[in-house]
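Inside the fold
Chain residues, written in single-letter form:
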Amino acid sequence: MLSMTCRSLDFGTRVLDLVAASIERHSVKNVGKTFTSKVYGARRMVCSRLNIRRTRVFPTNTSKALLDGVGEQTTPVLDLKKEAKSPVSLANLFEVVADDLQTLNQNLQSIVGAENPVLMSAAEQIFGAGGKRMRPALVFLVSRATAELAGLKDLTTKHRRLAEIIEMIHTASLIHDDVLDESDMRRGKETVHQLYGTRVAVLAGDFMFAQSSWYLANLENLEVIKLISQVIKDFASGEIKQASSLFDCDVELEEYLLKSYYKTASLIAASTKGAAIFSGADRSITEQMYEFGKNLGLSFQVVDDILDFTQSAEQLGKPAGSDLAKGNLTAPVIFALEKEPKLREIIESEFCETGSLDEAIKLVNQCGGIERAQELAKEKADLAIKNLQCLPQSNFRLALEDMVKFNLERID
Amino acid sequence: MMSMTCHNLDFGTRVLDLVAVGSSSNASIERHSVKNHGKGFTGKVYGARRMVCCRQNISRARAFSTKTSVALLDGVGERTAPVLDLKKEAKSPISLANLFEVVADDLQTLNQNLCSIVGAENPVLMSAAEQIFGAGGKRIRPALVFLVSRATAELAGLKDLTAKHRRLAEIIEMIHTASLIHDDVLDESDMRRGKETVHQLYGTRVAVLAGDFMFAQSSWYLANLENLEVIKLISQVIKDFASGEIKQASSLFDCDVELEEYLLKSFYKTASLIAASTKGAAIFSGADRSVTEQMYEFGKNLGLSFQVVDDILDFTQSAEQLGKPAGSDLAKGNLTAPVIFALEKEPKLREIIESEFCNPGSLDEAIKLVKQCGGIERAQELAQEKADLAIENLQCLPQSNFRLALQDMVMFNLERID
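Residues numbered from 1 in each chain as written. Chains lettered and ligands numbered in written order. Predicted model: local features only at pLDDT ≥ 70, side-chain atom pairs only at ≥ 80, totals over all residues. Heavy atoms only, no water.

1. A word on the overall build of chain B
Cut-off, in case you're wondering: Starting at the N terminus, helices and strands are each numbered in turn, a helix being any DSSP run of H or I of at least four residues and a strand any DSSP run of E of at least two. When accessible area is computed with a 1.4 Å probe and restricted to protein chains, residues below 20% of their type maximum are described as buried, those above 50% as exposed, and intermediate ones as partly exposed. Any pair of residues with heavy atoms lying within 4.5 Å of one another is described as a contacting pair. Under the convention used here, a 1.4 Å probe and the Shrake-Rupley method define accessible areas, while residue burial counts only the protein chains that appear.
The helix and strand tally for chain B stands at 20 helices and four strands. Taking all 418 residues of chain B together, the buried fraction comes to 59%. A separation threshold of at least 6 residues defines the contact pool for chain B, and within that pool the share at least 24 residues apart is 76%. Accessible area for chain B stands at about 16,700 Å²; split by element, carbon and sulfur atoms hold 50% of it.

See below:
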């Protein structure tokens, strides 16, 4: 049994220093709207990692006491028999790649903003606080986790450029998605098209897609070029699939998973695989990284879909139940439809009656739709953890595992 | 001096047949087609003119219209033989149908492939695709790809187009079409080629989605061509499109716009894609660097000439001919070559433009001023200048019907402003 002292560390501490000093960290920095400051206790004992995962899905209240501010805490004792239950924070996860993310932010602003002031404003609107930079962080983490295998000491320019490309594609798709969905709010702020009009939104999205295609081509790696082009194609296919099956109560789970793959997991899978490719990892590793990204992505999407039912508008940064309202039937609904015929009626009425949306949400909650969706999210998360086994032990691998868990904790 | 008889040939006559019978470029090519191929031009007779030595003189003659062509406009049938007098160049205008005859089969295959690529995904997209792919699109860009492919193939000893040539042409047309769909959303245009725009008919959402889908498909096909040079070339184009749109959007009603800026914007929006198409075609033919660079320049100069002519027509044609309201560029504040030239002469024009046409009748007044100040004529000279450069760029190609067709393409463009 090991005792470790928790003490505040500067957020800017770099991982290389930490690895050298054998790790004790916590961070209470608030990095965005979707999570509050949490203390991340000293838990980096590899042997207990897998067990902690199972306890994470079910909330405990002990973390509450740790939520208040920075400062000296009583020493948490790491008991190998009783795993720590402190939740994971993104800030912490990303700490190991904090500098990489900062450079990315600067580069993105200059790439997009340099062209035109209006685009700059649109870019700030969407790139500003609220975006978690999850995808670039994944690229950096996988890059660093696999770099060791190739004997790389640091990230290459291509790694960085890949992360920028990924984030631009992601952002461009969000801007266009909001046009397609006619959404007014995202992350608590007005959407680009709500603020600047459809024209600017279409143009900003096109510009970012174009920039990413150009940077992608200039990476001069055919495998990665094909990988990412597939993603852009998948995005469009996913949108079309979704648009053509609105309010369609016969939608099957497989179809939903395929659409979720197209819309979310495809990009993440291509990011993680691309990162491994640029690390020079061999085929078995790059394939495992693809699967990791895919399973993480699917888990992430399912959790997002659950939150649309369980969170308030304030937490979501947009109206609650908006997927359902638009006829986009996700995992909780699909599961609930198996149990409750009344739900089908209401959905097929396209919520023409007032209060019917709320009733539908209630029914979904009552039929265990949420629980079964949680199981699905967990199933994908378990697969993702397995995919990481091929990586050497490192803080980066741990951070990737924590990423999986962080996602599940969102539905605590 | 040679006499040639004009007689009707089937539209489907293939150039390969013509080449097989020997030096047909010098001898008996006589074709005409009176098939009405769309809104942009009416049936015209294409007299026997394929004498290489007078080609360059013809280009200058073409820019100025003659009325003789009117007599040839009526229907199909036997005609008196036009005499080719080397001292007096023939003045029969060119028809696109004719130009494209040598690659007619290639274009037909392309059309089928495009419809299936886009339509297979979803019925709504299919309808949107039909709306935009349907009659009215001239397929100039794919035709250029096919013509340059075939014109350069000889250099590489190729007997026929490769799958990559065909795929390149499809990619180019998809990118072009996707950009038109989004352009119409950006410009809030209701009509294109005499039909309602995709977003007018199906809504902005479908238009954005159809455009995104086509961009995505072309990126994917492009990546799978597995040629880094071409991938970079075309990616540059897509980037240029976006830059061009932004440039245009941020300089609306800006009377200080200079000609260079206009040319750059025209490059981004039009010539860049054409230049990449022609260069890409040459690359896939395995042509060497000097030829591929000349093909790039050809495409660029042709593209610029084409854009200038388009901009002239926006002033000189009626709404019916254009398939959309006349003067719409100016109305939106997009100041093109005729306007830029006219602004140098007429301060009153500046006032009206800067008022953004808030007064009724001011747009018509502006159009009149542009015409009075010689804006049209100077723009015609600019189009001619670029066309001449384009013809020069073709010199590196071996003589063939394809090279002739490319030259005719340049001239056809100029004839639009006769």
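After that view of the structure, there is still more to cover.
2. Focus on the overall build of chain A
Helices and strands together make up the secondary structure of chain A, namely 19 helices and four strands. Taking all 412 residues of chain A together, the buried fraction comes to 58%. Counting only contacts in chain A whose residues sit at least 6 apart along the sequence, the fraction spanning at least 24 positions is 75%.

3. Things to note about the interface of chain A and chain B
Note the threshold: Simply put, the buried area is the total loss of 1.4 Å probe accessible area from both parts when two parts are fitted together. When a carboxyl oxygen of Asp or Glu lies within 4 Å of a side-chain nitrogen of Lys or Arg, that pair is called a salt bridge. Distance and chemistry together define a polar contact, namely a pair of N or O atoms within 3.5 Å, with one atom able to donate a hydrogen and the other to accept it when in protein, and with adjacent residues in sequence counting only for side-chain atoms on both sides.
Taken residue by residue, the interface counts 33 residues in chain A and 32 residues in chain B. When residues of chain A are sorted by the area they lose upon contact with chain B, A:Leu180, A:Arg199 and A:Ile240 head the list and together hold 19% of the total. Summed over the shared surface of chain A and chain B, the number is two salt bridges. Across the salt bridge formed by B:Glu226 and A:Lys226, the nearest N and O atoms sit 2.2 Å from each other. At the boundary of chain A and chain B, one finds six residue pairs in polar contact (both at pLDDT 80 or more). Mapped onto the side of chain A that touches chain B, the elements with two or more residues apiece are helix H7 (157–181), helix H9 (198–217) and helix H10 (222–244) of chain A. Counting residues per element, the side of chain A that touches chain B draws most heavily on H10(A), which supplies 13 residues.

4. Some words on the pattern of salt bridges
The final tally for this structure, using the stated rule, is 37 salt bridges over all chains. Salt-bridge contacts for B:Arg167 lead to B:Glu170; the nearest nitrogen and oxygen are separated by 2.7 Å. Placement of both B:Arg167 and B:Glu170 in helix H8 (residues 163–187) is noted, with a separation of three residues, approximately one turn of the helix. On the accessibility criterion, B:Glu170 (2% relative accessible area) is buried. The closest approach of N and O atoms between B:Asp183 and B:Lys269, which form a salt bridge, is 3.9 Å. On the criterion of sequence distance, the pair formed by B:Asp183 in helix H8 and B:Lys269 in helix H12 (residues 259–284) is long-range, its members being 86 residues apart. For the pair B:Asp183 and B:Lys269, a shared accessibility class is recorded, and that class is buried. Each of A:Asp100, A:Arg144, A:Asp154 and A:Arg160 takes part in one network of salt bridges that share partners.

5. Considerations on the environment of B:Phe341
Residues and elements named next belong to chain B. Of note, Phe341 is situated in helix H16 (residues 337–345). For the pair formed by Phe341 and Gly374, sequence separation is 33 residues and the distance between their alpha carbons is 7.8 Å. In contact with Phe341, other than residues within four places in its own chain, are Leu259, Gly375, Arg378, Ala379 and Leu382.

6. Structural notes on the confidence of the model for chain A
So the rule is basically this: For every residue, the predictor states its confidence as a pLDDT score lying anywhere from 0 to 100.
Averaged over every residue, the pLDDT of chain A is 77; residues scoring 70 or more account for 78%. Here residues 1–85 of chain A is a poorly scored stretch, pLDDT under 50, and it has 132 contacts once near neighbours within four places are set aside; other chains count.

7. Some thoughts on the nonpolar core
So the rule is basically this: Throughout, nonpolar core names a set of buried Ala, Val, Leu, Ile, Met, Phe, Trp, Tyr and Cys residues whose side chains join them through atoms within 4.5 Å.
Judged by nonpolar contacts, the single largest core of 245 residues is most densely connected at A:Ile347, A:Met403, B:Ile353 and B:Met409. Leaving out residues up to four positions away in the same chain, A:Ile347 has contacts with A:Phe247, A:Cys249, A:Leu324, A:Leu329, A:Val333 and A:Leu337.

8. What to know about a nonpolar patch on the surface
The condition is simple: Patch membership requires over 30% relative accessible area and the absence of a salt bridge. Like charges are linked within 9 Å, and nonpolar side chains (Val, Leu, Ile, Met, Phe, Trp, Tyr) within 5 Å.
The grouping of A:Val118, A:Leu195 and A:Tyr196 at the surface amounts to a nonpolar patch, some 220 Å² of accessible area in total. Inspection of the secondary structure assignment puts A:Tyr196 in helix H8 (residues 192–196).

9. Some remarks on the packing of aromatic side chains
For the record, the criterion: Two aromatic rings, drawn from Phe, Tyr or Trp (for Trp, its six-membered ring), form a pair once their centres lie within 6.5 Å of each other, and the interplanar angle then sorts them: stacked below 30 degrees, edge-to-face above 60, tilted otherwise. Two conditions define a charge sitting above a ring: the NZ of Lys or the CZ of Arg must be within 6 Å of the ring centre, and it must be within 35 degrees of the ring normal.
Counted under the stated rule, the structure contains six aromatic pairs over all chains. Taking the centre distance of 5.3 Å and the plane angle of 70 degrees together, the rings of B:Trp220 and B:Tyr221 count as edge-to-face. Note on B:Trp220: relative accessible area 21%, which makes it partly exposed. Each ring, one from B:Phe267 and one from B:Tyr268, has its centre 6.2 Å from the other, and the planes form 50 degrees; the classification is tilted. Across this residue pair, the class does not change: B:Phe267 and B:Tyr268 are buried. Across the ring face of B:Trp220, the terminal group of A:Lys233 is positioned such that the distance to the ring centre comes to 4.0 Å.

10. Overview of helix H11 (residues 228–250) of chain B
The following threshold applies: A helix is expected to span 1.5 Å multiplied by its residue count minus one.
Helix length check: H11(B) (23 residues) gives 33 Å between terminal C-alpha atoms against 33 Å at 1.5 Å per residue, within 8%. Where H11(B) begins, the capping side chain belongs to B:Asn227, and its oxygen is found 3.0 Å from the backbone nitrogen of B:Glu229.

11. What to know about unusual backbone geometry
Residues and elements named next belong to chain A. Positive phi is not limited to glycine here, since Glu220 has a value of about 60 degrees. Along the chain, the position of Glu220 falls in the loop between H9 and H10. In this structure, Phe351 takes a positive phi of about 55 degrees despite not being glycine. Here Phe351 is to be found in the loop between helix H16 (341–348) and helix H17 (356–366).

12. Regarding the side chain of B:Ser179
Looking at the secondary structure, you find B:Ser179 in helix H8. Beyond its immediate stretch of four places on either side in the chain, B:Ser179 contacts B:Phe215 and B:Phe241.

13. Comments concerning the environment of B:Gln131
All names here are of chain B. With respect to the helices and strands, Gln131 occurs in helix H6 (residues 123–133). When the C-alpha positions of Gln131 and Ala331 are compared, they lie 25 Å apart, and in sequence the two are 200 residues distant. Excluding residues within four positions of it along the chain, Gln131 makes contact with Lys195, Glu196, Val198 and Leu201.

14. Considerations on the confidence of the model for chain B
Residues and elements named next belong to chain B. Here chain B shows a mean pLDDT of 77. Residues at 70 or above account for 76%. Of all helices and strands in chain B, the one with the weakest mean pLDDT is helix H1 (residues 15–20) (30), whereas helix H19 (residues 375–393) scores best (97). Note on residues 1–91: pLDDT under 50 across the span, and 146 contacts to partners over four residues away in sequence or across chains. Interface predicted TM-score (ipTM) for the complex: 0.73; the corresponding pTM is 0.75.

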